[in-house]
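For reference, the chains in residue letters:
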Amino acid sequence: MRKKWHLPLLIVLLVGTVLILRNQYNMPYQQNKGMIFGTFYTITYQYDKDLQKEIEAELLKVDHALSTFNKQSDITAVNNNKKVQLDKMFCDVFSLAQEIADDTQGAFDITVAPLVNAWGFGFDGSVIPTKAAIDSLREFVGYKKVELRNGSIIKEDPRLMLDCSAIAKGYGVDVVAKMFLDMGIQNFLVEIGGEVYAYGVNAKREPWGIGVEKPVDDSLSTESNLVTVLKSKNIAMATSGNYRNFYFKNGKKYAHTIDPRTGRPVQHNILSATVLCTSCAKADAYATAFMVVGLDEAKKILERHRELKAYLIYQDGDGYGVWQSDGI
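All values derive from a computational prediction rather than experimental measurement. (Residues numbered from 1 in each chain as written. Predicted model: local features only at pLDDT ≥ 70, side-chain atom pairs only at ≥ 80, totals over all residues. Heavy atoms only, no water.)

Participant: I keep staring at the pairing of strand β3 (residues 146–149) and nothing clicks. Help me out?
Facilitator: A regular strand carries its side chains on alternate faces of the sheet. Of the strand pairs in this sheet, β3 and strand β4 (residues 152–155) are connected by 4 bridges, and their pairing is antiparallel. Looking at β4, one finds that R149 is bridged to S152. From the end of β3 to the start of β4, which pair antiparallel, there are 2 residues, and N150 there has a positive phi angle of about 55°. (Pairing = 2+ DSSP bridges. Helix = DSSP H or I, 4+ residues; strand = E, 2+ residues; numbered from the N terminus.)

Take a look at the structure:
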């Protein structure tokens, strides 16, 4: 007798599945654009209503915690040595940053802010510091000189400052992606200032295509030539490069990636580092670290971290070469 129920039950399940899939297929894709953390965002997702207000609410929480451009943010208060009880967002990012700083022997270091500012790439405006000025600043730069204790930042030197710009955008991407997944949204692309989280498929039911730019000097961002397009699904991707944010002074190029260990802009053959990981914050930080350490050391770090994949573009004579992780 029970077998007689099998066929009707199977039919009901099949019909239900078809209806669910059809509803998902017909659900529109929304797109929201705006500005946050001093850069632009574009967020595309499949849902039956616009979520711009909800998205911006989440991004503003990150901005309030971590943006040095926001004079009312928690990180600004920390940099000004004001007492502030730090929220979970700040604490999570700080802890991850310290972990990656330790793993990269200080190549990634969120205390690099004074040096970034001194070279004219931060939230102040100085340009071309002297050797004496660099040596002076290095006295209060170093991730081991700051710690998180009971929800507060403890500094060895009150002049020490934090700059989370090389991890905050990635974290903001993760925050929006988590919001979507918590809401049951299965198809989306979150992009903030070039940092990306791709999940599911696009409106053509294909994996999202994410371009890797050719490392051509272009401080005005007028070029958009691509080296390749990575077909990505359920993965975050972040890119760091010295071909966008730079300037020339007395015939010499100064790029925005500062080595916290020397106090100077990096000078080696790696031009662009793209990192893929399930965490965009982590990908963001390691992409910056790879730009600091160079190609050979980046490969060693990747050997230790199988959860990371990388697409690295380096100077090769008058042109450029590409190195990529297996399976990318």
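Participant: In this structure, what is going on with unusual backbone geometry? I would like to understand it.
Facilitator: Trans peptide bonds make up most of the peptide bonds, and negative phi angles are found at most residues other than glycine. You will see that F37, though not glycine, has its phi angle at about 55°, which is positive. On the secondary structure map, F37 appears in the loop between β1 (29–36) and β2 (39–46). In this structure, R205 is a non-glycine residue whose phi angle is positive, near 65°. Looking at the element boundaries, R205 is found in the loop between β6 (195–199) and β7 (208–213).

Participant: Would you take a moment to explain the pattern of salt bridges for this structure?
Facilitator: Think of it this way: side chains of opposite charge can pair up when their charged atoms draw near. All told, the structure shown has 11 salt bridges when counted by the stated rule. Note that K88 and D92 form a salt bridge whose closest N and O atoms lie 2.6 Å from each other. One end of the pair, K88, and the other, D92, are both in helix α4 (residues 88–103), 4 residues apart, so they sit about a helical turn from each other. With a relative accessible area of 62%, K88 lands in the exposed category. In this structure, D182 engages K178 in a salt bridge whose closest nitrogen and oxygen atoms are separated by 2.8 Å. In this pair, D182 and K178 are both assigned in helix α7 (residues 168–182), 4 residues apart and thus about one turn of the helix distant. Under the relative-accessibility criterion, D182 is labelled exposed at 58%. (Salt bridge = Lys/Arg side-chain N within 4 Å of Asp/Glu carboxyl O. Buried < 20%, exposed > 50% of the residue type's maximum accessible area, 1.4 Å probe, protein only.)

Participant: Just to check I follow, could you spell out α4 for this structure?
Facilitator: An α-helix turns once every 3.6 residues. As a result, residues three or four positions apart point the same way. For α4, with 16 residues, the first-to-last C-alpha span of 22 Å sits near the 22 Å given by 1.5 Å per residue. Every buried residue of α4 is listed here: M89, F90, C91, V93, F94, L96, A97, Q98, I100 and A101. Where the residues of α4 are buried, they touch α2 (52–66), α3 (74–79), β3, β4, α7 and α8 (280–293). The backbone nitrogen of M89 has a side-chain oxygen 3.3 Å away, supplied by the residue at the start of α4, namely D87. In the stretch just after α4, Q105 is the one whose phi turns positive, near 55°. (Expected span 1.5 Å × (residues − 1). Contact = heavy atoms within 4.5 Å. Polar contact = N/O pair within 3.5 Å; in protein donor to acceptor, adjacent residues only side chain to side chain.)

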